[in-house]
Amino acid sequence: MSIDESGDRGATPGERGAPLVDSLEGRVAGRLIRPGDAGYDEARAVWNGLVDRYPAAIVRCTGTADVVACVDVAREHGAPISVRGGGHNVAGTAVCDDGIVVDCSELRGVWIDPDARRVRVQAGATLADVDRETQLFGLAVPLGVVSDTGVAGLTLGGGFGHLSRSYGLSCDALRSADVVTADGDVLTASAEEHPDLFWALRGGGGNFGVVTSFEFEAYPVGPEVMACFVVHPAENAPELFRKYRAFCADAPDEVGLLAFTMWVPDDEAFPEDARGKPGVGFLGSSIGPTDEGAEAFEPVRAFDTPLVDFSGVMPFTELQQMLDEDYPDGRRYYWKSLYLSGLTDEAIETIVAAAETAPSKLSTVDVWQLGGAISRVDDDATAIGWRDVPHMLGIEANWDDPADDEANVEWARTLWAEMQPYSPGGLYINFPGFGEEGDDLVRAAYGDNYERLADVKARYDPENLFRSNQNVEPST
Ligand SMILES: Cc1cc2nc3c(=O)[nH]c(=O)nc-3n(C[C@H](O)[C@H](O)[C@H](O)COP(=O)(O)OP(=O)(O)OC[C@H]3O[C@@H](n4cnc5c(N)ncnc54)[C@H](O)[C@@H]3O)c2cc1C
């Protein structure tokens, strides 16, 4: 199984894309990478090894003018176009077949105004790029939990992470965005300018144009935080999740904790006697005073006798990088999500049973703790609703052998279906599987906000030029 099963492709990619390449030549300043060029295969590869697409041209943009040129050429030719930030979308939407990839990966500038606590971030920056610069001033933007993820896709889809319960989602911290629209116009969207577009960009994904830079509000964080990273044995997994449920119900906003099923990796970073054992992991942080954070996490570390306990005070940047090695480029991944109305005993039993039968020991089932600042934003204030749910479920099938594709995808889909009774509806668009449910998936993700998104789409992209994404179709 692969995301891309288009079969016989007829003419070679080079032949099909020749008119596009001719039009781009001379109009872009950045490197233009065509089929057959050195580096083409590396440039079309994304994080998920299941993705195997053949664009006609990849443009390593040097700035906004290149983005405008790509958009103009795609529109003039009626050609597919996709936008690459950090290349970490699970469905691989950063690359398209036969079209133009607007590759922003070399646009990684981050500028800080520490007095105003404002941060401007270019479209190809990773979380690590932002954390590194903001932490110079004791500041941070609420972003995700793996530092080599792209800021662009993460923010446009929402953005959940360690700081969400204190400061909201990444898209909540967005104050303005510079956008190239389908017409090739360059706009600034903010609460004051193009507020409809600004609303849609906060969670509505890459549907509305190419964002060339993001302006965020930053918040005081660190430089040191108390991190909790403990793995307990899985023998009493249901009891561990029940303790987690009680912990979350009482936790203050500055504390956030993720619970996940796992197998301790066969890796020398982990104690030898724990390797290969099934466990339930808890990863979280407190951004309050570190002694108070240590006290807050004491009960979690004592839920059982840990197999592994890496908890302690550490630089915020280290916390942000803690999971990086678990998600190497090129591995095979299929991730889905749904929101949970609560973590009932039945939901816990379903999660634990599924974890035991996962075909791959690299896979995890994650329960995110939401609430806090996330829930103090109205459902219709941004494109992301479902603000008052206490938890999100992430189902991560992760594996290496192509022969195991079907079993792993099927495992994730089955658990997703089994968990539906515990969901009020809704899912996080940035964990979309292959996006194979199409319109149904996107409607389910946005719920009551979908029609408004479709109206904004009709205003800014009536021909649906930007459709290599979790697509919102323009209203008619
Ligand atoms: C290892 C890993 C960890 C993750 N952790 C978290 C997490 O902690 N929290 C969380 O919320 N999510 C998380 N995610 C999900 C992540 O938010 C999405 O995968 C997101 O799409 C990644 O953004 P990207 O820029 O790297 O993606 P890309 O694949 O580069 O882009 C994805 C899509 O975003 C849009 N896009 C990208 N750049 C632009 C732009 N400049 N203008 C307009 N549209 C654009 C396009 O539609 C594009 O197809 C994680 C994903 C991975 C793989």
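Everything numeric in this text was worked out from a predicted model, so none of it was measured.

Conventions we followed
- Residues numbered from 1 in each chain as written.
- Predicted model: local features only at pLDDT ≥ 70, side-chain atom pairs only at ≥ 80, totals over all residues.
- Heavy atoms only, no water.
- Pairing = 2+ DSSP bridges.
- Helix = DSSP H or I, 4+ residues; strand = E, 2+ residues; numbered from the N terminus.
- Axes fitted to C-alpha atoms, helices over the stretch in contact; angles between N-to-C directions.
- Core = buried A, V, L, I, M, F, W, Y, C linked by side-chain atoms within 4.5 Å.
- Buried < 20%, exposed > 50% of the residue type's maximum accessible area, 1.4 Å probe, protein only.
- Domains from an automatic or database assignment.
- Contact = heavy atoms within 4.5 Å.
- Buried area = accessible area lost by both parts, 1.4 Å probe.
- Salt bridge = Lys/Arg side-chain N within 4 Å of Asp/Glu carboxyl O.
- Polar contact = N/O pair within 3.5 Å; in protein donor to acceptor, adjacent residues only side chain to side chain.
- Nonpolar A, V, L, I, M, F, W, Y, C, P; charged D, E, K, R; others polar.
- Expected span 1.5 Å × (residues − 1).
- Arc of directions from axis to C-beta.

## Structural notes on the sheet that holds strand E5 (residues 110-113)
So, point 1. The sheet built from 5 strands is open, its strands ordered E5-E6-E10-E8-E9 with antiparallel pairing. One side of each edge strand has no neighbouring strand; the edge strands of this open sheet are E5 and strand E9 (186-190). Neighbour-to-neighbour, the strand axes of this sheet turn through a mean angle of 15 degrees, independent of strand direction.
So, point 2. Pairing geometry for strand E6 (residues 118-122) and strand E10 (residues 210-217), over 5 bridges, is antiparallel.

## Here's the deal with the nonpolar core
So, point 1. Membership of the largest hydrophobic core comes to 86 residues, with the highest contact counts inside it found for Leu201, Phe216, Tyr244, Phe282, Val300, Leu393 and Tyr446.
So, point 2. Here this core spans two domains, and each of domain 2 (110-220) and domain 3 (224-422) adds at least three residues to it.
So, point 3. In contact with Phe216, other than residues within four places in its own chain, are Arg117, Arg118, Val119, Val121, Val141, Val151, Thr155, Ser170, Ala173, Leu174 and Arg175.
So, point 4. The next biggest cluster of nonpolar side chains, apart from the first, holds 40 residues, and it includes Leu283, Leu307, Tyr333 and Val389.

## With respect to the domain arrangement of the protein
Often the size quoted for an interface is simply the accessible area lost on bringing the parts together.
So, point 1. With domains assigned, the protein is organised as domain 1 (17-103), domain 2 (110-220) and domain 3 (224-422).
So, point 2. Between the C-alpha centres of domain 1 and domain 3 there is a distance of 35 Å.
So, point 3. Opposite the 7 residues of domain 1 that make contact, domain 3 presents 11 residues.
So, point 4. In this assembly, domain 1 packs against domain 3 so that about 670 Å² is buried in total across both faces, 63% of it on carbon and sulfur atoms.
So, point 5. Considering only the side of domain 1, the residues that lose the most area to domain 3 are Trp47, Leu50 and Val90, jointly responsible for 76% of the buried surface there.
So, point 6. Applying the counting criterion to the domain 1 and domain 3 interface returns 0 salt bridges.
So, point 7. Joining domain 1 to domain 3, the criterion identifies 4 residue pairs in polar contact (both at pLDDT 80 or more).
So, point 8. Class assignment of the residues belonging to the side of domain 1 that touches domain 3 gives a composition of 4 nonpolar, 3 polar and no charged.

## Describing helix H12 (residues 405-419)
So, point 1. Between its first and last C-alpha atoms H12 spans 22 Å; for 15 residues at 1.5 Å apiece the expected length is 21 Å, and the two agree.
So, point 2. Listing the buried residues of H12 in full gives Asp405, Asn408, Val409, Trp411, Ala412, Leu415, Trp416 and Met419. The buried residues of H12 occupy an angular sector of 155 degrees when projected down its axis, which confines them to one face.
So, point 3. Of the surrounding secondary structure, the elements contacted by the buried residues of H12 are strand E17 (332-340), helix H11 (345-356), strand E18 (364-369) and strand E19 (391-399).

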